[in-house]
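Chain by chain, the residues run as shown.
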Amino acid sequence: MIPEFGHYALILAFCVALIQGVLPLIGAHQGRREWLVLARPAAQVVFLLLATSFLILAWSFYANDFSVLYVAEHSNSQLPVIYRFGAVWGGHEGSLLLWIFLLSTWTVLVSQLSKSLDDFMVARVIGVLGLITTGLLLFVLTTSNPFERLFPAAQDGRSLNPLLQDPGLVFHPPMLYMGYVGFSVAFAFAIASLLSGRLDAAWARWSRPWTTAAWIFLTLGIALGSWWAYYELGWGGWWFWDPVENASFIPWLVGTALLHSLAVTEKRGGFKSWTVLLAITAFSLSLLGTFLVRSGVLTSVHAFATDPRRGIFILIFLALVVGSSLLLYAIRAPKNTMGGKFSLSSRETFILLGNVFLVVAAGSVLLGTLYPLLIDALHLGKISVGPPYFNSVFVPIMTPLLVLMGVGPWTSWKDSNLMTVVKRLWLAGLVAIVAAILIPKVMGDFTWLSSMGFMLAFWVIASGCLQIVRQAKAGLPTRSFIGMQIAHLGIAIFVIGVTMVGAYQEEKDVRMLSGETVSVGGYQIQFQGVSDEPGPNYRAMRGTFSLMRHGKVEAVLHPEKRNYFSSTMPMTEAAINAGLTRDIYVSLGEQLEDSAWAVRVYYKPFVDWIWGGCLLMALGGLIAITDKRYRVKLRKLVA
Amino acid sequence: MKAKFIIPLILFLVLVGFLAVGLNRDPHEVPSPLINKPAPAFELPQLADPKQVFTPASMKGQVWILNVWASWCVACREEHPILIELSKSHAAPIIGLDYKDKRDDAMALLANQGSPYLLAVSDANGRVGIDYGVYGVPETYVIDKNGIIRFKQIGPVTMELLNQKIYPLINELNKS
């Protein structure tokens, strides 16, 4: 019975979401107060219903109810409890439910934290979010019902894909979706402003913390996914330019552009049409990403079973949502007045340039991702686009962006004297050049690419440090300022990590007998042997390796080769000795003849800086949203 | 309405058009002009021992499978266990064509995940891939006793394809 309640809650949620989507919008248009005040309660009811439905699905997993088809397909009685919970979003139906649940979570947050906004604006924002919720609920109910029954019930479930049985993967989708879905708030604000014709600084000030919050989640979600790929695929790579990875990265790039553009709109009233377009684009790309992942038009490891009905539904939904938004934009945006004038050497110019590079980068990643599909649709053949394209296109676009990042924060709004900026920045330039020459020398191998990477990273770091010192002398800087500096520092740290790994990682593939030693990056790794270890739902071959330096044992590593009972594919669990300046990564390959094993050993300098940089970016965003000017509003709200 | 504000809408509609067409086409299904044509000859170093070369001519007289793969190819990882299955069935030997790949990476993958291949050859610059009209990785060719290509699969081989198409085809080709 219980799963039926979940299904019923979903149907009710659909009905209420329809009210939430339609009545407040009409009410705001016709000035009917009794209709537009429905927005908040409707949003809250939808949230409660979806939470109920979501908890029931989670309970079905917890209770091993294999009469629910979705549970039988993605769980198993031997699956540890934490992964049973993670399995709720391990497949198509559940992850869609999670998507919608998070959407309504954002909606409720907006409805609670918007008390100081006027009712018309709130009604429109919640209405737009309600329409999106309605569309997606219709999708779930008609094509992807997670509560579908299986009669007779399965004896046991098929279990979760072993690749997904990992703590990182339990948290990766919710984080990523929070980010994806969070852009819907900026989108709804943009649409509401277009509808009311009030595109002003207040609108930007309202959208900004919401956009930053979504961006933080997206940053963390992407970083988590990348980290998972690094240690779980047994491969040592951290980014593959897979269509699904790209689908999350493209909105991130546009979202980053939006953050900066919103700053201009808030402070200077400029770039209004552009900012609105970015807000629409960021969310549209999130929807497009969902379409690409869910419809199976592109081949990817992440692609779920494809059902043509699903693809068509999402495409129509995408066309309606994005098409009508862009039509509204085409009609309303030209009415906007230009913001304040600015000169060629102002902060506005630098932000605009940065925006252009970010959008071009997003466009080229999108092109690469969709290219196979476009070529196929034009009957020109079938192709696949791999990392060589993305690397050769992406790096040259990012280079000028990093240069701009060092200069932009120094400029002032409206107009600034570039000569004074240059005078203040000569020291940063010097540091960058010294780093570009020195670090490759210290690491022992000079390549132009790595030299450039260090130059750009240290340019950004030195410029940031100089500015922090300058600001600190003038008094305590604002949190917005600190947040920006930390986020920019995060980018520099990230670049250092990428450059170091790209240029100086060492890898060795060896055949090892017990007692043999292999050396990599100044460390010796001795193979002690392999033993049998039973796990909860797998059997593992567990290797033991001693990590030694100068003859002293520093750590013992246990890479595993796991055979899950539910799968034929052996899984590799790499053992990683992580450190601030290097990871030692050992992964166990196949057993060869006479008790020898194939072993893969990596020395990865500064690899953790890649994710450390992402964490700093997210932290920067977090500090920025706690800035005084947003808190004032919150305090008012509590009072 | 100013013209420049409509541009995003127009771009989007074009994109939707492409997506709609794309939806109706299976990314795995590609007609190949090479079907029923002799498999192009090549001479490539073997992955495990680059001093030795492999030519398709050495497979004459038996039905065999050519699988194009690479360590950087994510879809190949999905396909890998199926190929292992195929090799265990001893239906036909599989030759792996390692396409535009680094030798170390490729060797590591095989060491890690097991090798389904009788042997693998290295097509580092993708020359042979051009002759075979490789659109993307992975691709799989079934070649008969006389060296004629009888079937081509673009994208990963699935269990379903194996049972419904590839095994019956190999049986039939072995009889003739």
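Fair warning: this is a prediction, and the values are worked out from it, not measured in the lab. (Residues numbered from 1 in each chain as written. Chains lettered and ligands numbered in written order. Predicted model: local features only at pLDDT ≥ 70, side-chain atom pairs only at ≥ 80, totals over all residues. Heavy atoms only, no water.)

## Digging into the domain arrangement of chain A
Residue and element names in this part refer to chain A. Keep this limit in mind: Segmentation of the chain into domains, including their bounds, is taken from an automatic or database domain assignment. Any two residues whose heavy atoms approach within 4.5 Å are treated as being in contact. We define buried area as the total accessible area lost by two parts upon association, computed with a 1.4 Å probe and summed across both. The term salt bridge refers to a pairing of a side-chain nitrogen on Lys or Arg with a carboxyl oxygen on Asp or Glu at a separation within 4 Å. N or O atoms within 3.5 Å of each other form a polar contact, as long as, within protein, one can give a hydrogen and the other can take it, and as long as residues adjacent in sequence are counted only when both atoms are side-chain atoms.
On domain assignment, one finds that chain A holds domain 1 (1-165), domain 2 (213-307 + 320-414) and domain 3 (506-606). Measuring from the centre of the C-alpha atoms in domain 2 to the corresponding centre in domain 3 gives 38 Å. Counting from both sides, the interface comprises six residues of domain 2 and, opposite them, 11 residues of domain 3. Across the interface of domain 2 and domain 3, roughly 710 Å² is buried in total on both sides, 42% from carbon and sulfur atoms. Our count for the domain 2 to domain 3 interface comes out at zero salt bridges. Counting the contacts that link domain 2 with domain 3 gives two residue pairs in polar contact (both at pLDDT 80 or more).

## Things to note about the side chain of Thr411(A)
Residues and elements named next belong to chain A. Put simply, the test is: Each helix corresponds to a stretch of at least 4 residues labelled H or I by DSSP, and each strand to a stretch of at least 2 residues labelled E; elements are numbered beginning at the N terminus.
Within the secondary structure, Thr 411 is located in the loop between α14 (387-407) and α15 (418-443). A polar contact is formed between the side chain of Thr 411 and the backbone oxygen of Gly 408, at a distance of 2.6 Å. Contacts of Thr 411, omitting those with residues within four sequence positions, involve Ser 345, Ser 346, Arg 347, Phe 350, Ser 416 and Val 421.

## A short note on the sheet that holds strand β5 (residues 119-123) of chain B
Residue and element names in this part refer to chain B. The line we're drawing: A pair of strands is treated as paired once DSSP finds two or more bridges between them. The axes used here are C-alpha line fits, helices contributing only the stretch in contact, and every angle between their N-to-C directions lies in the interval 0 to 180 degrees.
Within the open sheet, the five strands sit side by side as β5-β4-β3-β6-β7. Their pairing is mixed. Edge positions in the sheet fall to β5 and β7 (149-154), since each of these pairs with one other strand and no more. Sheet twist, expressed as the average angle between the axes of neighbouring strands with direction ignored, equals 20°. In the packing of helix α2 (residues 74-88) onto the sheet, contacts are made with β3 (64-69), β4 (94-99) and β6 (139-143), and the angle to β3 comes to roughly 160°.

## Let's talk about helix α5 (residues 159-175) of chain B
Residues and elements named next belong to chain B. To keep things clear, this is the line we draw: Any helix carries an expected span of 1.5 Å times its number of residues minus one. A residue's bend is simply the angle between two axes: one fitted to the seven residues ending at it, one to the seven starting at it. Throughout this description, buried means an accessible area under 20% of the type-specific maximum (1.4 Å probe, protein chains only), exposed means over 50%, and partly exposed covers the range between.
An ideal rise of 1.5 Å per residue puts 24 Å on 17 residues; α5 measures up with 23 Å between its terminal C-alpha atoms. Ile 166 marks the point of greatest bend in α5, at about 35°, and the proline Pro 168 comes within the next four residues. Taken residue by residue, α5 has Leu 161, Leu 162, Ile 166, Leu 169, Ile 170 and Leu 173 as its buried positions. Those residues of α5 that are buried lie in contact with β3, α2, β6 and β7.

## Re the environment of Gly155(B)
All names here are of chain B. Along the chain, Gly 155 turns up in the loop between β7 and α5. The exposure class of Gly 155 is buried, given its relative accessible area of 9%. The spacing of Gly 155 and Cys 76 is 79 residues in sequence and 8.2 Å in space, taken between C-alpha atoms.

## Observations regarding the packing of helix α7 (residues 119-143) of chain A against helix α8 (residues 167-196) of chain A
Residue and element names in this part refer to chain A. Formally: Oblique is the label for every angle not falling under 35 degrees (roughly parallel), over 145 degrees (roughly antiparallel), or within 65 to 115 degrees (roughly perpendicular). Should the near helix be turned anticlockwise from the far one by less than a right angle, the crossing is termed left-handed; should it be turned clockwise, right-handed.
In contact at an axis separation of 8 Å, α7 and α8 are set at 125° when each is read in the N-to-C sense. One finds that α7 runs oblique with respect to α8. In this structure, α7 crosses over α8, and the sense of that crossing is right-handed. On the side of α7, the interface is formed by Met 121, Arg 124, Val 125, Val 128, Leu 129 and Ile 132, while α8 contributes Ser 184, Val 185, Phe 187, Ala 188, Phe 189, Ile 191, Ala 192, Ser 193, Leu 195 and Ser 196.

## Description of the pairing of strand β4 (residues 538-549) of chain A
Each regular strand displays side chains that alternate between the two surfaces of the sheet. Residues and elements named next belong to chain A. Sheet analysis places strand β3 (residues 523-534) next to β4, joined by 10 bridges and oriented antiparallel. By the bridge assignment for β4, Phe 527 is matched with Phe 545. Between β3 and β4, which follow one another and run antiparallel, lie three residues. When β4 meets strand β6 (residues 560-564), the two strands line up antiparallel, connected through five bridges. Across the sheet, residue Arg 539 finds its bridge partner in β6, namely Asn 563. Sheet topology note: the β4/strand β5 (residues 552-557) ladder contains five bridges and is antiparallel. Across the sheet, residue Arg 549 finds its bridge partner in β5, namely Lys 552. Taken together, β4 and the strand that follows it, β5, pair antiparallel across an intervening segment of two residues, in which His 550 is found at a positive phi of about 50°.

## A look at helix α18 (residues 608-625) of chain A
Spanning 18 residues, α18(A) covers 26 Å between terminal C-alpha atoms, matching the ideal 26 Å at 1.5 Å per step. When α18(A) is considered as a whole, its buried residues turn out to be Ile610(A), Trp611(A), Gly613(A), Cys614(A), Met617(A), Ala618(A), Gly620(A), Gly621(A) and Ala624(A).

## Re the packing of α8(A) against helix α9 (residues 201-232) of chain A
Residue and element names in this part refer to chain A. What counts is decided by this rule: All residues other than Ala, Val, Leu, Ile, Met, Phe, Trp, Tyr, Cys, Pro, Asp, Glu, Lys and Arg, Gly among them, are scored as polar; the first ten of these are nonpolar and the last four charged.
The interhelical angle for the contact between α8 and α9, taken along N-to-C directions, is 155°, at an axis separation of 7 Å. In terms of their interaxial angle, α8 and α9 are classed as roughly antiparallel. Here α8 runs over α9; the crossing is left-handed. In terms of residue class, the contact of α8 with α9 is built from 23 nonpolar, nine polar and no charged.

## Digging into the nonpolar core
Applicable threshold: Here, nonpolar core refers to any group of buried Ala, Val, Leu, Ile, Met, Phe, Trp, Tyr and Cys residues whose side-chain atoms link them within 4.5 Å.
Leu50(A), Phe189(A), Leu253(A), Leu288(A) and Leu19(B) are the most contacted members of the largest nonpolar core, which has 184 residues in total. Sorting elements by how many residues they give to this core places α8(A) first, with 17 residues. The contacts of Leu288(A), once residues within four sequence positions are left out, are Leu318(A), Leu366(A), Leu15(B) and Leu19(B). Formed by 47 residues, the second largest nonpolar core is a distinct cluster that contains Ala70(B), Ile82(B), Tyr132(B) and Leu173(B).

## Observations concerning the sheet that holds strand β9 (residues 582-591) of chain A
Residues and elements named next belong to chain A. Taking strand neighbours across the sheet as the criterion, the four strands line up as β1-β10-β9-β8 in an open arrangement whose pairing is antiparallel. Two strands bound the open sheet, and with one partner strand each, they are β1 (506-512) and β8 (575-577). Across this sheet, the average inter-strand angle for adjacent strands is 15°, counted without regard to direction. Strand contacts of α9: β8, β9 and β10 (597-605), with the helix running at about 50° to β9, the strand carrying the most contacts.

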